[in-house]
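Close look at the chain arrangement
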Amino acid sequence: LAVLSTILIGVALVWALFVFLVQKEYLNMLIKTISSRYFKNEDLNLYNKDTIEKITDKINTGKELEVLYILKLLENGSDKINYELITKALAHPSEAVCIQALHLIKKKHIVSASANLMKLIKEQTNPAIIAKALLVLSSIAYDYNLLTAYINNENYLIRLAASESIIEYGKAENEREPVIL
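The notes below deal with the structure included here. (Residues numbered from 1 in each chain as written. Predicted model: local features only at pLDDT ≥ 70, side-chain atom pairs only at ≥ 80, totals over all residues. Heavy atoms only, no water.)

**Here's the deal with the environment of Asn60**
Tracing the backbone through its elements, the reader meets Asn60 in helix H2 (residues 49-61). Between the C-alpha atoms of Asn60 and Lys88, which are 28 residues apart in sequence, the distance is 7.6 Å. (Helix = DSSP H or I, 4+ residues; strand = E, 2+ residues; numbered from the N terminus.)

**Brief notes about the pattern of salt bridges**
Scanning the model with the defined rule gives 4 salt bridges in all. Of the charged contacts in the structure, one is a salt bridge between Lys58 and Glu66, with a shortest N-O distance of 3.4 Å. The pair Lys58 / Glu66 is uniform in exposure class, with both members buried. Sharing partners across several salt bridges, the network here consists of Lys72, Glu75 and Lys107. (Salt bridge = Lys/Arg side-chain N within 4 Å of Asp/Glu carboxyl O. Buried < 20%, exposed > 50% of the residue type's maximum accessible area, 1.4 Å probe, protein only.)

**Examining a nonpolar patch on the surface**
Taken together, Trp15, Phe18, Val19 and Val22 make up a surface patch of nonpolar side chains, about 440 Å² in accessible area. Here Phe18 falls in the exposed class, since its relative accessible area comes to 53%. (Patch = residues over 30% accessible without salt bridge, like charges linked within 9 Å, V, L, I, M, F, W, Y side chains within 5 Å. Areas by Shrake-Rupley, 256 points an atom, 1.4 Å probe, with all protein chains shown as cover.)

**Points about helix H6 (residues 114-123)**
Among the residues making up H6, those that are buried are Ser114, Leu117, Leu120 and Ile121. Taken around the axis of H6, the buried residues stretch over an arc of 120°, which confines them to a single face. Within H6, the exposed residues directed more than 90 degrees away from the buried face are Ala115, Lys122 and Glu123. Of the surrounding elements, those touching the buried residues of H6 are helix H5 (95-108), helix H7 (127-140) and helix H8 (144-150). (Arc of directions from axis to C-beta. Contact = heavy atoms within 4.5 Å.)

Written as structure tokens, this is what we have:
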């Protein structure tokens, strides 16, 4: 009986070591395949903490094409984790990554990204990104007071985005709340 117990404990330890090594290899392979862009969306498992950490790290520090590919993979998902990862991409230094993240936020109507969009609008120096962020923010959380602050901006793109947002999304706001004179 003691020998059988020792054998079972040994098998359990070998099995646990094997599971740990497979998990570690999976994470390494995930990062390599994302970097090489030979990865199918069905293979992505976002329910594992380590996987989420690796993808978050890749979004924060990865090259432009790698992060664009990750965003492409996240485009089909519709859970909170996907939304959080898409929102994190707004902080990437690449203009293309930021624009793609803005596109996905608007497409998926990610209301939880509103605070990040406000931060982006206030901190960004690129007028094209500010203009796109104003349009996206207005589409998910219309704020007339914010837009009027940008109506007289010195940059044409920003003024146009603010005006377009008021025309496009202000109409919907007026339809929801009747005006009482």
